[in-house]
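# What the coordinates show
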Amino acid sequence: SGNWNCCVLEHYGAEAAMGRRERISFVRHAAWQRLRSACSMQEVTARGWVCGRNEKYGTIVRLIAVEVPQSEGDDKPGPSGESPLPLLPPTEGEGLQGLLEKDASVSSDALAIGTPVRVRFLSDSPMQRRTLREVGASCRVTLESREREDERVPRVPGVLGPGREEEWPEGGI
């Protein structure tokens, strides 16, 4: 049986051209630190899908790809001038999950399980970090409203019928 203890760091150029991809394993400390640093850069987004709900706090999003802009001619993203995003380590086997908090201006409850989303990372306070631990999320996120030409929507395997509330069909596909 597999797990979700990795994601992809995608570097793209100014003309929305796909640069290099890097698989980040959360069990490797150096890779985890690279991910944290990348997530704190400006213009960074992440792709994933809605994987669950917490009645009290909001919608849980599984993040599978972090999209990092790179300067023209660079092989690596430039420094953000900020300290790394304080991501909480993922729960074993659950991967990188973000909490899309309940908000009066955004109805995240309208997003069905399996809905592909693009999000931005938010910083958090110690009080919010307790909430993240409670729901098993690594970070807080907000929906990305800007449309991009290079739209890469994650494909979610499996067929979820009407009224189904699990992210992945039991037993796989």
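Whatever comes next refers back to the structure up there.
Summarised in this report is the structure supplied together with it. Given the structure is predicted, the values throughout are model-derived calculations rather than measurements.

Below, the discussion takes up the packing of aromatic side chains. On inspection of all chains with the given rule, the structure shows 2 aromatic pairs. Between phenylalanine 26 and tryptophan 32, the aromatic rings sit 5.4 Å apart at their centres with planes inclined by 85 degrees, giving edge-to-face as the arrangement. Of note, arginine 62 hangs over the ring of tryptophan 4, and the distance from its end group to the ring centre comes to 4.4 Å.

So, about helix 1 (residues 29–39). Looking at helix 1, one finds that the buried residues are Ala31, Trp32, Leu35, Arg36, Ala38 and Cys39. Along the long axis of helix 1, the arc covered by the buried residues comes to 165 degrees, so they all point the same way.

Before going further, it helps to examine the pattern of salt bridges. According to the stated counting rule, one finds 9 salt bridges in the structure shown. In this structure, the salt-bridge partner of glutamate 10 is arginine 47, at a minimum N-O distance of 2.8 Å. You can see glutamate 10 sitting in strand 1 (residues 6–12) and its partner arginine 47 sitting in strand 3 (residues 45–54), a full 37 residues away along the chain. Here arginine 47 falls in the buried class, since its relative accessible area comes to 7%. The partner of glutamate 67 in a salt bridge is arginine 47, with the nearest N and O atoms 2.6 Å apart.

Thresholds, definitions, all that
Residues numbered from 1 in each chain as written. Predicted model: local features only at pLDDT ≥ 70, side-chain atom pairs only at ≥ 80, totals over all residues. Heavy atoms only, no water. Phe/Tyr/Trp six-rings, centres within 6.5 Å; stacked < 30°, edge-to-face > 60°. Lys NZ or Arg CZ within 6 Å of the ring centre and 35° of its normal. Buried < 20%, exposed > 50% of the residue type's maximum accessible area, 1.4 Å probe, protein only. Helix = DSSP H or I, 4+ residues; strand = E, 2+ residues; numbered from the N terminus. Arc of directions from axis to C-beta. Salt bridge = Lys/Arg side-chain N within 4 Å of Asp/Glu carboxyl O.

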